[in-house]
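# Examination of the molecular architecture
These are the residues of each chain, in order.
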Amino acid sequence: MAAQPLAANPAESAFEQLLGSIYVWLATSGLQMLTWVLGGLLTIRLIRWSADRYAARLEANFHNSDLIVQTEDSKHRRALVDVVAWVLIVAVIAVVLIRFLSILHVPITGLTGPGAVIGAALGFGAQRVVQDILAGFFVVAERQYGYGDVVSLTVTGNGLADGTVEDVTLRVTKLRTSEGEVITVPNGQIIKATNLSKDWARAVVDVPVPAEADIGLVNETLDRVGRDFFEDRNWHDLLLDAPSPLGVTDLELDSVTVRMVARTLPGKQFEVSRALRVAIVQALAREGITVAPGRDAQSGGAPPATLADTIGKNGDS
């Protein structure tokens, strides 16, 4: 009688079936999921690359032009492109997740109830995030500030964040301070935004002189300084008009404060105010008028040292 073949081991048979099922899943659903993941990553990289290329082109156009400061339109376009890129990236991630659910045969309509519960929970738990995104949308839509703007932000708790805008998204605003520090401010915590470089700026210099000084002579000297300063080729392109004295703004027992103002290009008020302060002190000294004892000529701001300080030092030497 012929020998009967040995029966296959049930455990080995089940293991082979499991391997076969895994292989089939990897060759079909797994491959689709991998394709969607790679496609999503490539799309995100393409979106970021396009946004960076656009920003680099704006920077190149600015540096190759005769403009001293960027236009408000270019700053707004750069912020808008970054926000659009962020929205597109979120949309790509959402599409990939929905496709995952479809590949796994998870009925999306059956997730309506749990999704509502999870959405309500996230709505209560992530109120700050939603508030930041909504606030960021209005910051960009209303053109409150953009890349390169010098701003002063009043945040929750009456804190201040001053600096140059380096990044604007729907959720946060990043500022670079004069000391090189980066401040990240959630948009939802901004109570008031003061743009110091919107369209034009104003350089303000307060000069305290002794109470016995001839105010008429001081005003004439300041007026002459303003005309000469406006004709100076180093500063003419930064000014919209000639600096002019406003007269006496403060009275004290031993001193009188005289103010001088000048309209400048956006963000250039600090450089102009420093250079103007040097010119004022030198001109008053030639007329025999000195700054009131114990007082300093004040200007509106104290950003990093620039060309104004170099000219001031050369003028002193």
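None of these values were measured; they are calculated from a predicted model. (Residues numbered from 1 in each chain as written. Predicted model: local features only at pLDDT ≥ 70, side-chain atom pairs only at ≥ 80, totals over all residues. Heavy atoms only, no water.)

Helix and strand content of the chain: seven helices and nine strands. Across the 317 residues in the chain, those meeting the buried criterion constitute 32%. Considering only intrachain contacts with a sequence separation of at least 6, the fraction spanning at least 24 residues in the chain is 68%. Total accessible area computed for the chain in this model is approximately 19,100 Å², and 61% of it derives from carbon and sulfur atoms. (Helix = DSSP H or I, 4+ residues; strand = E, 2+ residues; numbered from the N terminus. Buried < 20%, exposed > 50% of the residue type's maximum accessible area, 1.4 Å probe, protein only. Contact = heavy atoms within 4.5 Å. Areas by Shrake-Rupley, 256 points an atom, 1.4 Å probe, with all protein chains shown as cover.)

Attention now moves to unusual backbone geometry. A positive phi is found at arginine 143, a non-glycine position, where the angle reads about 55 degrees. Along the chain, arginine 143 turns up in the loop between helix H4 (127-141) and strand E1 (150-155). When its relative accessible area of 39% is taken as the criterion, arginine 143 is described as partly exposed.

This part is about the side chain of threonine 173. With respect to the helices, strands and loops of the structure, threonine 173 is situated in strand E3 (residues 172-176). A residue is classified by how much of its surface remains accessible, and threonine 173, at 0% relative accessible area, is buried. A distance of 2.7 Å separates a polar atom in the side chain of threonine 173 from a polar atom in the side chain of asparagine 187. Beyond its immediate sequence surroundings of up to four residues, threonine 173 is in contact with Tyr145, Leu153, Val165, Asp167, Val168, Ile183, Thr184, Val185, Asn187 and Ile190. (Polar contact = N/O pair within 3.5 Å; in protein donor to acceptor, adjacent residues only side chain to side chain.)

This part covers the side chain of threonine 154. Its location among the elements puts threonine 154 in strand E1. Sequence-distant contacts of threonine 154, defined by excluding residues within four places in its chain, comprise Gly159, Leu160, Gln189, Ile190, Ile191 and Lys192.

Compared with an ideal rise of 1.5 Å per residue, which puts 18 residues at 26 Å, helix H6 (residues 269-286) spans 26 Å between its outermost C-alpha atoms and is within 8% of the ideal. All of the buried residues in H6 are Gln269, Phe270, Glu271, Val272, Ser273, Arg274, Ala275, Leu276, Ile280, Ala283 and Leu284. Immediately downstream of H6, the backbone of glycine 288 shows phi near 80 degrees, a positive value. (Expected span 1.5 Å × (residues − 1).)

We now examine the packing of aromatic side chains. Each aromatic ring pair is summarised here by two numbers: the centre-to-centre distance and the angle between the ring planes. In the structure shown here, the tally under the stated rule is two aromatic pairs. Between phenylalanine 137 and phenylalanine 138, the ring centres sit 5.3 Å apart and the planes meet at 75 degrees, which makes this aromatic pair edge-to-face. According to the relative accessible area criterion, phenylalanine 137 is partly exposed, its value standing at 47%. Aromatic side chains phenylalanine 229 and tryptophan 235 sit 5.8 Å apart centroid to centroid with 10 degrees between the ring planes, which places their arrangement in the stacked category. Taken individually, phenylalanine 229 and tryptophan 235 each receive the classification buried, so the pair is uniform in this respect. (Phe/Tyr/Trp six-rings, centres within 6.5 Å; stacked < 30°, edge-to-face > 60°.)

Once that is clear, we can look at the confidence of the model for the chain. Confidence in the prediction of the chain, expressed as mean pLDDT, is 76, and 76% of residues score 70 or more. pLDDT under 50 marks residues 299-317. Its contacts with residues more than four places away, or in other chains, come to 30 contacts. (pLDDT = per-residue confidence, 0-100.)

Pairing is antiparallel across the open sheet formed by five strands, whose spatial order is E4-E3-E2-E1-E5. Whereas interior strands pair on both sides, the edge strands pair on one side only; in this sheet they are strand E4 (182-186) and strand E5 (190-195). Across the sheet, the mean angle from the axis of one strand to that of its neighbour is 45 degrees, orientation sign disregarded. In terms of strand pairing, E1 meets strand E2 (residues 159-168) through six bridges, oriented antiparallel. Looking at E2, one finds that leucine 153 is bridged to alanine 161. (Pairing = 2+ DSSP bridges. Axes fitted to C-alpha atoms, helices over the stretch in contact; angles between N-to-C directions.)

It is worth spelling out the environment of valine 92 at this point. Mapped onto the fold, valine 92 is located in helix H2 (residues 72-103). A sequence separation of 49 residues divides valine 92 from threonine 43, and the C-alpha atoms of the two residues are 7.6 Å apart. Other than its neighbours up to four places away in sequence, valine 92 contacts Gly40, Thr43, Ile44 and Ile47.

On to a nonpolar patch on the surface, then. Residues Leu31, Leu34, Val37, Leu38 and Leu41 make up a contiguous nonpolar surface patch of roughly 440 Å² in combined accessible area. You can see leucine 31 is positioned in helix H1 (residues 10-63). For leucine 31, a relative accessible area of 47% gives the class partly exposed. (Patch = residues over 30% accessible without salt bridge, like charges linked within 9 Å, V, L, I, M, F, W, Y side chains within 5 Å. Salt bridge = Lys/Arg side-chain N within 4 Å of Asp/Glu carboxyl O.)

Okay, the pattern of salt bridges next. Throughout the structure, instances matching the rule amount to eight salt bridges. A salt bridge links aspartate 206 to arginine 259; the shortest N-O distance between them is 2.7 Å. Placement of aspartate 206 in strand E6 (residues 201-210) and of arginine 259 in strand E8 (residues 255-264) is noted, with a sequence separation of 53 residues between them. Residue aspartate 206 is classed as buried on the basis of its relative accessible area, which comes to 18%. Through salt bridges with shared partners, one network takes in Arg48, Asp52 and Asp82.

Turning our attention to the pairing of E6. Most of E6 is tucked away, with eight of its 10 residues classed as buried. Relative to E8, E6 runs antiparallel, the two being bridged by 10 bridges. The partner of valine 209 across the bridge, within E8, is valine 256.

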